[in-house]
Amino acid sequence: MEYDPFSDEAMRDPQNIYAKLRAGDGPYFIEKYNAWALVHFEDVWNTSTKHEEDITFRAGPTLTSVLLDEPVPHFFPTMDMSEHRKWRRIVHADYMKGHVEKDRERITALTREILAPLKAKGTFDFYKDYVNPVLAINAGHNLGLPRHKAVEWCRLIDETLHRGVGQVGTTSERNQKAAQQLIGELYAYVGKLRADPSLAGGQVAKYLAAEVDGTKVDDEGMVNLLSIFLTVGSGTTPSVCASAVYYLAQHPEQKRAVLDDLSLVPKAFFEAGRYDQPTNILCRRAARDFEIRGTQIKAGQNLLMVYASANRDAAEFDRPDEFDIFRTYRRDLTFGVGGHMCLGMHLATMAGTIILEEFFKVSGDYKINPEDCVRNYGEFLSGFLQVPVELGT
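The following refers to the structure shown. This one's a predicted model, so the numbers in the text were calculated from it and none came from an experiment.

To continue, consider the pairing of strand β7 (residues 282–286). Working note: regular strand, side chains alternate between the two faces of the sheet. For β7, the buried fraction is high: four of the five residues fall into the buried class. Inspection of the sheet shows strand β3 (residues 55–56) paired to β7 by two bridges, in the antiparallel sense. Among the inter-strand pairings, Ile55 is bridged to a residue of β7, identified as Ala286. Relative to strand β10 (residues 302–305), β7 runs antiparallel, the two sharing four bridges. Residue pairing for β10: Leu282 is matched across the bridge by Met305.

Turning to the packing of aromatic side chains, a few remarks are in order. Here the structure, examined in full by the defined rule, presents 26 aromatic pairs. Arranged with centres 5.4 Å apart and planes meeting at 70°, the rings of Trp153 and Tyr189 form a pair that is edge-to-face. Within this pair, whereas Trp153 is found in helix α9 (residues 147–161), its partner Tyr189 is found in helix α10 (residues 173–195), the two being separated by 36 residues in sequence. Considered together, Trp153 and Tyr189 belong to a single accessibility category, that of buried residues. Taken together, the ring pairs connect Phe124, Phe126, Tyr130, Phe359, Phe360 and Tyr366 into an aromatic cluster. Here the guanidinium or amino end of Arg312 rests over the ring plane of Tyr275, the centre of that ring lying 4.0 Å away.

Take the nonpolar core next. Counting residues in each nonpolar core, the largest one holds 86 residues, and the members touching the most others are Phe126, Tyr130, Tyr207, Phe229, Phe359 and Phe360. No other element matches the 10 residues that helix α8 (residues 126–143) contributes to this core. Setting aside chain neighbours within four positions, we find Phe229 in contact with Phe76, Val91, Tyr95, Ala139, Leu143, Gln203, Tyr207 and Leu343. Membership of the second largest hydrophobic core comes to 22 residues, among which are Trp36, Met81, Met305 and Phe380.

By volume, the second largest pocket is sized at about 790 Å³. Lining the second largest pocket are 32 residues, and of these Tyr127, Asp158, Glu159, Asn376 and Leu385 sit closest to its centre. Elements that contribute at least two residues to the lining of the second largest pocket include exactly α8, α9, α12 (219–235), β11 (374–375) and β12 (384–386). With seven residues, the top contributor of residues to the lining of the second largest pocket is α9. Here the lining of the second largest pocket is built from residues that sort into 13 nonpolar, 10 polar and nine charged.

Attention now goes to the sheet that holds strand β1 (residues 28–30). The five strands are arranged β1-β2-β10-β7-β3 in an open sheet whose pairing can be described as mixed. Looking at strand neighbours, the two that pair on one side only are β1 and β3, the edges of this open sheet. Sheet topology note: the strand β2 (residues 35–38)/β10 ladder contains four bridges and is parallel. Bridge pairing links Ala35 to Asn302 in β10. With respect to the sheet, helix α3 (residues 41–49) is in contact with β2, β3 and β10, its orientation differing from that of β10 by roughly 120°.

Another aspect to go through is the packing of helix α11 (residues 202–209) against α12. Helix-helix packing: each pair is described by the crossing angle between the helix axes and the interaxial distance. At a minimum axis separation of 11 Å, α11 and α12 run at an interaxial angle of 150°. As judged from the angle between their axes, α11 and α12 are roughly antiparallel. The two elements α11 and α12 cross, and the hand of that crossing is right-handed. On α12, the residues that touch Gln203, Val204, Tyr207 and Leu208 of α11 are Met222, Leu225, Leu226 and Phe229. In terms of residue class, the contact of α11 with α12 is made up of seven nonpolar, one polar and no charged.

Moving on: the environment of Glu101. Mapped onto the elements of the fold, Glu101 is located in helix α6 (residues 97–101). Separated by 245 residues in the primary sequence, Glu101 and His346 place their C-alpha atoms 8.9 Å from one another.

Reading the values: rules and limits
- Residues numbered from 1 in each chain as written.
- Predicted model: local features only at pLDDT ≥ 70, side-chain atom pairs only at ≥ 80, totals over all residues.
- Heavy atoms only, no water.
- Buried < 20%, exposed > 50% of the residue type's maximum accessible area, 1.4 Å probe, protein only.
- Helix = DSSP H or I, 4+ residues; strand = E, 2+ residues; numbered from the N terminus.
- Pairing = 2+ DSSP bridges.
- Phe/Tyr/Trp six-rings, centres within 6.5 Å; stacked < 30°, edge-to-face > 60°.
- Lys NZ or Arg CZ within 6 Å of the ring centre and 35° of its normal.
- Core = buried A, V, L, I, M, F, W, Y, C linked by side-chain atoms within 4.5 Å.
- Contact = heavy atoms within 4.5 Å.
- 1 Å grid on protein atoms, 1.4 Å probe; cavity = no way out; pocket = protein on both sides within 12 Å on 5 of 7 lines; lining within 4 Å.
- Points joined across faces, edges and corners; volume = space filled by probe spheres on them.
- Nonpolar A, V, L, I, M, F, W, Y, C, P; charged D, E, K, R; others polar.
- Axes fitted to C-alpha atoms, helices over the stretch in contact; angles between N-to-C directions.
- Parallel < 35°, antiparallel > 145°, perpendicular 65-115°, else oblique.
- Left-handed = near helix turned anticlockwise from the far one by under 90°.

Here it is, written out as structure tokens:
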């Protein structure tokens, strides 16, 4: 078979493709892009750990940057390990489990505030009306942003990620218009903070004051910081929460178990992340020659770390294509692995669990019509963008 990550089938729902690719032994070579697709769990895991020094992150993490040469926003997620660690360390403590716990009360209050009027309505879109606004506001809070700016900038980021049928890359007028507006507003905001640093808060204030090896963050770096942190802070956890609510509705016995025992909510959250991994693919590039299970990788070749496939690998997970919140497993790739493992994994887990718990406290035996739900169409993120729910009693 031929696999192109920008094909309509791959952009719509690639799991059937991934199942066929995993039937092969080792990575799959895509000649068109001089790229290897790593679709097996072991290959993604080992390349992210054992071959960490053999790969570079500077070409960017997305398919559009690595395969299509679209601009790469330079900040620590696109830095190699030695540089990455230094810039990541500035906010690393903020994302440690103990520190994140201090935000539990604030996030719970925010969640209840957003949910209260939705509960009164009885029907609403779980993703658009509830979970996405909660996490956009929270991402902005961590950066010291006013609510309205965080929500608006997250909306513009979502617009840049929109893909029409047949679209390859960030090429549509819709993408370009949103990107231009976002970049203009971010530069204006950074300029305002430069003029009066006392206006900066949260992690933005930390990076404005930071200096690494004699280098301070310039305006472009601050814009990249804001864009990246808003993207990762509001882009994936909402999809996991929406998937949890959706798949529980398709498995009434598991839904009933969760509604009767909220201590099962973390299991539902993690299984949704494994089963419908929101980060479909992240990319790397080979910095030098190395092998993956007998396959020779050449310096300069592109690497597609297909997390959404690896988390469905039967060599790692029993009954991988079944949604089962009661399953156990040794490891997963929902938050990645290695030196670039997701910085916000503890925050995402806690916030996602709170969001689901608060929903289940008021949801009753909620209903979802699968035909009304809309999945993300694109090469980068997977999951649902619309999940209308009707609260039960």
